[in-house]
Amino acid sequence: SENSSFFCDGVEHVGGWDISCSARHGHGNVTLAESLMKSCNDAMMQIVAMEGRYDFYKYQKLFSFGQKTGIDLPGEEGGILTDLDKLNASELATSSFGQTFTVTMIQMAAAYSSLVNGGYYYQRRVVNEIMNDQKATVEKKEPLLIRRTVSEETSKFIKETMYQTVEMGTAKPIR
């Protein structure tokens, strides 16, 4: 929940491995928002340990990771996910902060869009409208809602946290 907090000492011992945080000396006590703003691997590993591999994998699929989005472009790839049966403790831990799987830019854009637009995942498209040489619309592609990924409340939380990441977090240098 938004009120969750975590302790980052700079490392988690998972599956027989010491897996480090981006802050080698740790972030100390962090809220959920701060863990996202500071890109705290330690907190992400704690979160995914509570969530479990089944739910984590379900969410990867919910955001269309590991599968084609169906965008109207040739040659789309699906990315690579660790199979559920191979998602052991250390794989799960490192997946929690974006390692051990790949996503395409289209998948990432679609996932982020759904996170900040209220939780709605739409069919990806390059073309919205086709016009003839007289500039008359021949075909219009209406938005196609595929599914709900997160609640409105979660979407608002993520938007605010992303804003704070740029204002005070790891993305501050890009301002």
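Numbers given to residues run from 1 along each chain, matching the order in which its sequence is written. This being a predicted model, a pLDDT of at least 70 is required before a residue's local features are given, and a value of 80 or more before pairs of side-chain atoms are given or counted; all residues contribute to the totals for chains, interfaces and linings. To obtain the side-chain values, all non-hydrogen atoms of the structure were included, while hydrogens and water were left out.

(A) The arrangement of the packing of helix 5 (residues 105-116) against helix 6 (residues 152-168) in detail. Axis lines are fitted to C-alpha atoms, over the contacting stretch for helices. Their N-to-C directions set the angle, which ranges from 0 to 180 degrees. A run of H or I in DSSP becomes a helix once it reaches four residues, and a run of E becomes a strand once it reaches two; helices and strands are each numbered from the N terminus. It is at 7 Å that the axes of helix 5 and helix 6 come closest, and there the two elements cross at 110°. Taken together, the axes of helix 5 and helix 6 lie roughly perpendicular to each other. Contacts between helix 5 and helix 6 involve Tyr112, Leu115 and Val116 on the former and, on the latter, Ser155, Ile158, Lys159 and Met162. Gly is put with the polar residues, along with every residue not named as nonpolar or charged; the nonpolar set is Ala, Val, Leu, Ile, Met, Phe, Trp, Tyr, Cys and Pro, and the charged set is Asp, Glu, Lys and Arg. When the residues that make up the contact of helix 5 with helix 6 are grouped by side-chain class, the tally is five nonpolar, one polar and one charged. Roughly parallel means an angle under 35 degrees; roughly antiparallel means over 145; roughly perpendicular covers 65 to 115; every other angle is labelled oblique. The criterion used for residue contact is that any of the two residues' heavy atoms lie within 4.5 Å.

(B) Representation of the layout of surface pockets in the model. As defined here, a cavity is a set of points on a 1 Å grid over the protein atoms alone where a 1.4 Å probe fits but cannot get out. A pocket is an open set with protein on both sides within 12 Å along at least five of seven lines, and residues line them when an atom is within 4 Å of a point. Grid points are joined across faces, edges and corners, and a volume is the space filled by probe spheres set on the points. Of the pockets and cavities examined, the largest pocket occupies roughly 1,700 Å³. Together, 40 residues line the largest pocket, and Leu36, Met44, Ser96, Leu115 and Ile158 are the ones closest to its centre. Sorting the residues of the lining of the largest pocket by element identifies helix 1 (32-37), helix 2 (41-51), helix 3 (53-62), helix 5 and helix 6 as the ones contributing at least two each. Sorting elements by how many residues they give to the lining of the largest pocket places helix 6 first, with seven residues. In terms of residue class, the lining of the largest pocket is made up of 23 nonpolar, 14 polar and three charged.

(C) Here's a closer look at helix 3. Among all positions of helix 3, only Phe56, Tyr57 and Gln60 are buried. Down the axis of helix 3, the smallest arc covering the buried residues is 95°, so these residues share one side. Packed against the buried residues of helix 3 are helix 2 and helix 4 (89-95). In the stretch just after helix 3, Ser64 is the one whose phi turns positive, near 70°. Buried means the residue's accessible area, taken with a 1.4 Å probe over protein chains only, is under 20% of the maximum for its type, while exposed means over 50%, and partly exposed covers the values in between. By arc we mean the arc of the directions from the helix axis to the C-beta atoms, nothing more.

(D) How the structure looks around the environment of Glu152. Here Glu152 lies in helix 6. Given a relative accessible area of 35%, Glu152 falls into the partly exposed group. In this structure, the C-alpha to C-alpha distance between Glu152 and Phe97, residues 55 residues apart in sequence, is 23 Å.

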